[in-house]
Amino acid sequence: MHTVQNRTATIRKGAILGFSCVRNEVIRLPYFMQHHRDLGVDHFLFVDNGSDDGTADYLADQPDVSLWRTDHSYRLSRFGMDWLGWLQMKYGHGHWCLTVDADELLIYPQHDTRKLPTLTAWLDDQGRQSFGALMIELYPRGPVGQTTYQPGKDPVAALPFFDPDNYRNIWHPIFRNLWIQGGVRDRVFFGPDPARAPTLNKTPLIKWDRRYAYVSSTHQVLPRHLHDVFGTPQYDRMSGALLHTKFLDIVVEKSKEEQIRQQHFENSVVYAEYHKALTKNPDLWYAGSSQYEGWRQLVDLGLMSKGTWG
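Sequence order as written defines residue numbering, which begins from 1 separately in each chain. The model is predicted, so local features are restricted to residues of pLDDT at least 70 and side-chain atom pairs to those at 80 or more, both for listing and for counting; the totals for chains, interfaces and linings are taken over all residues. The basis for every side-chain value is the complete set of heavy atoms in the structure, and neither hydrogens nor water enter the calculation.

This next bit is on the pattern of salt bridges. Salt bridges, as used here, are contacts in which a Lys or Arg side-chain nitrogen is within 4 Å of a carboxyl oxygen on Asp or Glu. For the structure on display, the rule yields 14 salt bridges. Between D101 and K202 there is a salt bridge; the shortest N-O distance is 3.7 Å. Of this pair, D101 sits in the loop between β5 (96-99) and β6 (104-107) while K202 sits in strand β11 (residues 201-207), and the two are 101 residues apart along the sequence. With its nearest N and O atoms 3.4 Å apart, the salt bridge here joins D124 to K207. Taken together, the residues D124 in helix α4 (residues 116-125) and K207 in strand β11 connect sequence positions 83 residues apart. The buried label applies to any residue whose accessible area, calculated with a 1.4 Å probe on protein chains only, is under 20% of its type's maximum; exposed applies above 50%, and partly exposed to all values in between. Residue class for D124 comes out partly exposed when judged on its relative accessible area of 37%. The network of salt bridges with shared partners includes D48, R69 and D71. A run of H or I in DSSP becomes a helix once it reaches four residues, and a run of E becomes a strand once it reaches two; helices and strands are each numbered from the N terminus.

Bringing the nonpolar core into the picture now. Buried Ala, Val, Leu, Ile, Met, Phe, Trp, Tyr and Cys residues form a nonpolar core when they are joined through side-chain atoms within 4.5 Å. Membership of the largest hydrophobic core comes to 69 residues, with the highest contact counts inside it found for F46, L116, L119, I136, F247 and L298. Of all hydrophobic cores here, the second largest spans 21 residues; its members include L45, Y74, W208 and V221.

A separate point is the environment of S239. With respect to the element layout, S239 can be found in the loop between β13 (220-222) and β14 (240-244). Residue classification places S239 among the buried residues on the basis of a relative accessible area of 5%. In this structure, the C-alpha to C-alpha distance between S239 and G307, residues 68 residues apart in sequence, is 7.6 Å. In this structure S239 touches P109, F131, G132, V229, F230, M304 and S305, once residues within four positions along its chain are discounted. Throughout, a contact is declared for two residues whenever any of their heavy atoms are within 4.5 Å.

A separate point is the sheet that holds β6. Here, strands pair whenever DSSP counts at least two bridges between them. With mixed pairing, nine strands are arranged side by side in an open sheet as β1-β4-β3-β2-β5-β11-β7-β14-β6. Single-partner strands in this sheet number two, and they are β1 (2-5) and β6. Between one strand axis and the next, the sheet turns by 25° as a mean value, whatever way the strands run. Relative to strand β4 (residues 65-69), strand β3 (residues 43-48) runs parallel, the two sharing five bridges. The residue of β4 that forms the bridge with V47 is W68. Between N-to-C directions, angles cover 0 to 180 degrees, with each direction set by a line fitted to C-alpha atoms, over the stretch in contact for helices.

Looking now at the layout of surface pockets. For cavity detection a 1 Å grid was placed over the protein atoms alone, and a set of points counts as a cavity when a 1.4 Å probe fits there but cannot get out; an open set counts as a pocket when protein lies on both sides within 12 Å along at least five of seven lines, with lining residues being those that have an atom within 4 Å of a point. Grid points are joined across faces, edges and corners, and a volume is the space filled by probe spheres set on the points. Put simply, the second largest pocket is a space of about 400 Å³. As for the second largest pocket, its lining consists of 19 residues, of which L178, I180, F230, G231 and G302 are closest to the centre. Elements with a minimum of two residues in the lining of the second largest pocket: β9 (167-171) and β10 (178-182). If one sorts the elements of the lining of the second largest pocket by residue count, β9 sits on top with four residues. Gly is put with the polar residues, along with every residue not named as nonpolar or charged; the nonpolar set is Ala, Val, Leu, Ile, Met, Phe, Trp, Tyr, Cys and Pro, and the charged set is Asp, Glu, Lys and Arg. Split by residue class, the lining of the second largest pocket holds nine nonpolar, six polar and four charged.

Turning to the packing of aromatic side chains, a few remarks are in order. Pairing of aromatic rings covers Phe, Tyr and the six-membered ring of Trp, with a centre-to-centre limit of 6.5 Å; geometry is then stacked below 30 degrees between planes, edge-to-face above 60, and tilted otherwise. A complete count under the given rule lists twelve aromatic pairs for this structure. The interplanar angle of 85° and the centroid separation of 6.3 Å between the aromatic rings of Y108 and F131 together place this pair among those described as edge-to-face. Of this pair, Y108 sits in the loop between β6 and α4 while F131 sits in strand β7 (residues 130-137), and the two are 23 residues apart along the sequence. Classification of Y108 by relative accessible area gives buried; the value is 0%. These aromatic residues form a ring-pair network of at least three members: F32, F44 and F46. Either the NZ atom of lysine or the CZ atom of arginine qualifies as a charge over a ring when it sits within 6 Å of the ring centre and within 35 degrees of the ring normal. In this structure, R114 packs its charged tip against the face of W309, placed 3.8 Å from the ring centre. Over the ring of W285 we find R141, and its NZ or CZ is 3.6 Å from the ring centre.

Within the sequence span of helix α1 (residues 29-39), burial applies to L29, Y31, F32, M33, H35, H36 and L39. Directly after α1, the chain includes G40, whose backbone phi takes a positive value near 130°.

Attention now moves to unusual backbone geometry. P223 follows L222 through a cis peptide bond whose omega is 5°. You can see P223 is positioned in the loop between β13 and β14. Of note, Q110 is a non-glycine position whose phi angle comes to about 65°, a positive value. In this structure, Q110 sits in the loop between β6 and α4. Positive phi, close to 55°, is recorded for R176, a residue that is not glycine. Inspection of the secondary structure assignment puts R176 in the loop between β9 and β10.

With that settled, the discussion passes to a nonpolar patch on the surface. A contiguous nonpolar patch, built from M1, W86 and M89 and spanning about 290 Å² of accessible area, is present on the exposed surface. Along the chain, M89 falls in helix α3 (residues 81-92). Without a salt bridge and with relative accessible area above 30%, a residue can belong to a patch; like charges are then joined within 9 Å and nonpolar side chains (Val, Leu, Ile, Met, Phe, Trp, Tyr) within 5 Å. Surface accessibility in these figures is a Shrake-Rupley result with a 1.4 Å probe; residues are shielded only by whichever protein chains are displayed.

Put into structure tokens, the structure is as follows:
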């Protein structure tokens, strides 16, 4: 990586930091950044992986952003985790760090009135070092390539639907985290091989220590005690959600590019077929789809928990 813009000297003690690896996300970034600024992220640390759509220029101009760039392989960097891990080790130690993709928007119970500094203070009081979230995959009604989206607008307006009830989970035998699968990608693209469906559990918010490391995206992290983020029927544990905005109209062209780059495939024929299917502009909506109404709806559906959070 080489430094494009380093403003980390402005990071104050107790600041909440955001980390993300991006490629060609200039369309999503204005709303993504405003959403997480409004939540309480004080400074963003980005790695740009060879964007050619103006992403790097946009980020370099933001006063609360430090930016690094690399053209090396996303796949061989453990899907960006090596790049972000170095930044987290160097700048994140002792800070609450939010690690999310540009197509993910963090929400949690009462996020509209109780911001991240309040949440992280509460987590500190509870003796918790990490906070979990379920990916809620949003999609339009009609072919995905016909969605109209303008930069800076809330993508939820363009992607108002989600699958409310087709989720399953097991305890991971190695990492001892709740391994959750389901949602629209499972239903539409991985029906013949559901075990290969995308993982939906993430631990995106952690009180970072330089000894910590993400293993596979933010799905798994070491040490393993940081996975204690989801409740059980006997033990309710507050959790959040990541609204996943992958299925904007740009997904068709991005999938065509990914078939060539093969940086997300993990040598999997199944994922190659998934990207091929997206290039055909599918309609993901079905009669069981629900329209997203807000965090209270996700709590009522059991997809997010309030726990003891007032």
